[in-house]
Amino acid sequence: MSVLKVNDLRVHFRASAGMVKAVDGVAFEIEKGECLGLVGESGSGKTLTALSIMKLIPENAKIAAGEILFHDINLLALPNDHMRGIRGSKIALVFQESGVSLDPVFTIGHQMTEALFTHRRLVNRKEAKEIALEYLNRVHIPDPLKTFYDYPHQLSGGAKQRVGIAISLLNSPELLILDEPTTALDVTIQAQILDLLDEIIERHDISVLFISHDFGIIARMADRVAVMRNGKIVEMGMKNEILSNPKDPYTVNLLESVKALSWR
Amino acid sequence: MAIVECRDIIKYFSVQRGYLKKGAGVVKALDGVSLEIEEGETFGLVGESGCGKTTLGKILLGIISPDSGEVLLKTKEKQAIFQDPYSSLDPKMKVRDIISEGLILKKGSKTRLLERIEKVLDVVRLPKGSLNKYPHQFSGGERQRIAIARAVVTEPEFIVCDEPVSNLDVTIQLQILKLLKEIQEKFRITYLFISHDLRVIKFMCDRVAVMKDGKIVENRGSKEIFTGPVHPYTKLLLSSIPRIF
């Protein structure tokens, strides 16, 4: 059974020049333990699709139609306080730059335990700290205790992204949405974070929606691939099928560009 | 023949902390860098953020001066193309003025101004109607074409391209890189091509220098670097790229 099922999702933006159909009839499913890669160029609607699942779309956007079924619950029909119980706990999101999503005035430890107090209703500070340290360890932060008391600006970009991933895992989510999780990083750090994500996906048997503009990363991480353009999924299928035998002209063009800029 | 040469370039930046601006140490942005760029070639400078690539580019252009070492430039006609076409183009200027500014500043080249601007617009394949528009009316790729036109119109012999396609989608990247190659052939321009992306470097460059922590760790022909990297850092960089083909 699928963990997530999106049906005919349409998200519209109010703009000065009229209405922009940023997501225009998107449909996909993610099975348990599966990683679906969503690839497309900037402005294709990838991030907005992710934000719709979390019900965190910008104020000037509107979900015009569609269903987002998490197991059998339609998230779009869910009242806000119920959604708050799912967001960050059953479904977690890791952004491109965890440095921006972390609060600069609180320590890493504070922000991690806060997530635990909110969702697990823990009251014991000592227990919360132990869980936080355990997760910092899981994402291979070299000195978890020091990092626990650090502020975000004291960490490198790679370490911040590790913390972002640790926070997303704290409440054992069933679905992890990774929105360009390595795009802001240098290639050597990117390779380390991708290794870490491999390990985590394996260990937690988690379902993943992996969003990237980089076909190389998608090819490495995903089981199935959906190619997005202008708010629509133009092609979707098993990774090897799409890479070896793309059908949509846009996918063909995209893969040709990737190929021309490949270093082998 | 080398058109650009630098020897033992050292540039340190001091780091200050707090509002009393106490010196808190130095960052060795460039720590003894030497290189030669041959006429007509594309010389690649690759490395991760903070390794000193951009500082070196600026020193070769004379925008900042090194603490020590020497720079020899055999031409005065130099230009730059930067990463972010959103901030490198003045939002209040029309494309016509952006492109012509360099020509007007250059003595003795005010003749046939419009003709030259239209010609260069043709080279970068932007429609004539672009002249009276503002930068925000263009896409990222088109803006980078404007930046290229602005650089090329003064007929430079040496252009520093600092991450010129890093902000663009891969299909657009390819278009812009092909355009840069075409312009190089047409006008015999020498490029210093700075990028963090080895794929782009491989597509563009004849020779490549790999930088790390203000030093060049490997400096060889592009083919040699990509088929048989020697330095462990170059090997690490190459093995880090996720690839499908």
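Computed from a predicted structure; not experimentally measured.

Enquirer: Break down helix H8 (residues 232-240) of chain B for me, citing the residues and quoting the values.
Expert: Residue and element names in this part refer to chain B. Tyr-233, Thr-234, Leu-237, Leu-238 and Ser-240 are the residues of H8 that are buried. In a view along the axis of H8, the buried residues occupy a sector of 165 degrees, so they form one face of it. Turned more than 90 degrees away from the buried face of H8 sit Pro-232 and Ser-239, all of them exposed.

Enquirer: Quick rundown of the interface of chain B and chain A? Include the residues and the values.
Expert: Contact with chain B, which involves 22 residues of that partner, is made by 26 residues of chain A. Interface area, chain B with chain A, both sides summed: about 2400 Å², of which 65% is carbon and sulfur. Our count for the contact surface shared by chain B and chain A stands at 1 salt bridge. Put simply, Asp214(A) and Arg199(B) hold a salt bridge, and the shortest N to O gap is 3.3 Å. Where chain B meets chain A, there are 6 residue pairs in polar contact (both at pLDDT 80 or more). Among the secondary structure elements, those contributing two or more residues to the side of chain B that touches chain A are helix H5 (170-187), helix H6 (198-204) and H8 of chain B. Considering each element in turn, the side of chain B that touches chain A owes the most residues, 5 residues, to H5(B). Residues belonging to the side of chain B that touches chain A are distributed by class as follows: 13 nonpolar, 4 polar and 5 charged.

Enquirer: Describe the packing of helix H5 (residues 125-138) of chain A against helix H8 (residues 187-204) of chain A, and please don't skip the residues or the numbers.
Expert: Residue and element names in this part refer to chain A. Taken N-terminus to C-terminus, the directions of H5 and H8 make an angle of 125 degrees; their axes are 11 Å apart at the nearest point. Overall, the two elements H5 and H8 adopt an arrangement that is oblique. Between H5 and H8, the residues in contact are Glu-134, Tyr-135 and Arg-138 and Leu-196, Glu-199, Arg-203 and His-204, respectively. By residue class, the composition of the contact of H5 with H8 is 2 nonpolar, 1 polar and 4 charged.

Enquirer: Kindly report on the nonpolar core, identifying the contributing residues and their values.
Expert: Counting residues in each nonpolar core, the largest one holds 104 residues, and the members touching the most others are Ile165(A), Phe210(A), Phe215(A), Ile148(B), Ile183(B) and Phe193(B). The contact partners of Phe215(A), leaving out residues within four places of it in the chain, are Val39(A), Val225(A), Val227(A), Ile242(A), Leu243(A), Leu254(A), Leu255(A), Val258(A) and Ile244(B). Listed in part, the 32 residues of the second largest apolar core include Val23(A), Val26(A), Leu36(A) and Leu93(A).

Enquirer: Please give an account of a nonpolar patch on the surface that cites residues and values.
Expert: Residue and element names in this part refer to chain B. On the surface, Phe-13, Val-15 and Val-27 cluster together into a nonpolar patch covering about 210 Å² of accessible area. Here Val-15 shows up in strand S1 (residues 2-17). By relative accessible area, Val-15 is classed as partly exposed at 31%.

Enquirer: Could you give an account of the packing of aromatic side chains, naming the residues involved and the relevant values?
Expert: Overall, the coordinates contain 1 aromatic pair over all chains when judged by the stated rule. When the ring of Phe148(A) is compared with that of Tyr149(A), the centres are 5.2 Å apart and the planes differ by 80 degrees; the resulting orientation is edge-to-face. Sitting over the ring of Tyr135(A), Arg138(A) keeps its end group 4.5 Å from the ring centre. Of note, Lys212(B) hangs over the ring of Tyr233(B), and the distance from its end group to the ring centre comes to 5.3 Å.

Enquirer: Explain the sheet that holds strand S2 (residues 18-31) of chain A residue by residue, including any values.
Expert: All names here are of chain A. Spatial strand order, S2-S1-S4-S5: 4 strands in an open sheet with antiparallel pairing. The two strands at the open ends of the sheet, each matched to only one other strand, are S2 and strand S5 (73-74). Here strand S1 (residues 2-15) pairs with S2 via 11 bridges, running antiparallel. Its bridge partner lying in S2, Arg-10 is registered against Asp-24.

Enquirer: Describe in detail the pattern of salt bridges, supporting the description with residues and values.
Expert: Applying the stated criterion across every chain yields a total of 21 salt bridges over all chains. Through salt bridges with shared partners, a single ionic network connects Asp8(A), Arg10(A), Asp24(A) and Lys232(A).

Enquirer: Now, about helix H1 (residues 46-53) of chain A: what can you tell me, with residues and values included?
Expert: All names here are of chain A. Burial analysis of H1 places 7 of its 8 residues in the buried class, the great majority of the element. All of the buried residues along H1 are Lys-46, Leu-48, Thr-49, Ala-50, Leu-51, Ser-52 and Ile-53. Positive backbone phi, approximately 55 degrees, marks Lys-55, located one or two places after H1.

Conventions adopted
Residues numbered from 1 in each chain as written. Chains lettered and ligands numbered in written order. Predicted model: local features only at pLDDT ≥ 70, side-chain atom pairs only at ≥ 80, totals over all residues. Heavy atoms only, no water. Buried < 20%, exposed > 50% of the residue type's maximum accessible area, 1.4 Å probe, protein only. Helix = DSSP H or I, 4+ residues; strand = E, 2+ residues; numbered from the N terminus. Arc of directions from axis to C-beta. Contact = heavy atoms within 4.5 Å. Buried area = accessible area lost by both parts, 1.4 Å probe. Salt bridge = Lys/Arg side-chain N within 4 Å of Asp/Glu carboxyl O. Polar contact = N/O pair within 3.5 Å; in protein donor to acceptor, adjacent residues only side chain to side chain. Nonpolar A, V, L, I, M, F, W, Y, C, P; charged D, E, K, R; others polar. Axes fitted to C-alpha atoms, helices over the stretch in contact; angles between N-to-C directions. Parallel < 35°, antiparallel > 145°, perpendicular 65-115°, else oblique. Core = buried A, V, L, I, M, F, W, Y, C linked by side-chain atoms within 4.5 Å. Patch = residues over 30% accessible without salt bridge, like charges linked within 9 Å, V, L, I, M, F, W, Y side chains within 5 Å. Areas by Shrake-Rupley, 256 points an atom, 1.4 Å probe, with all protein chains shown as cover. Phe/Tyr/Trp six-rings, centres within 6.5 Å; stacked < 30°, edge-to-face > 60°. Lys NZ or Arg CZ within 6 Å of the ring centre and 35° of its normal. Pairing = 2+ DSSP bridges.

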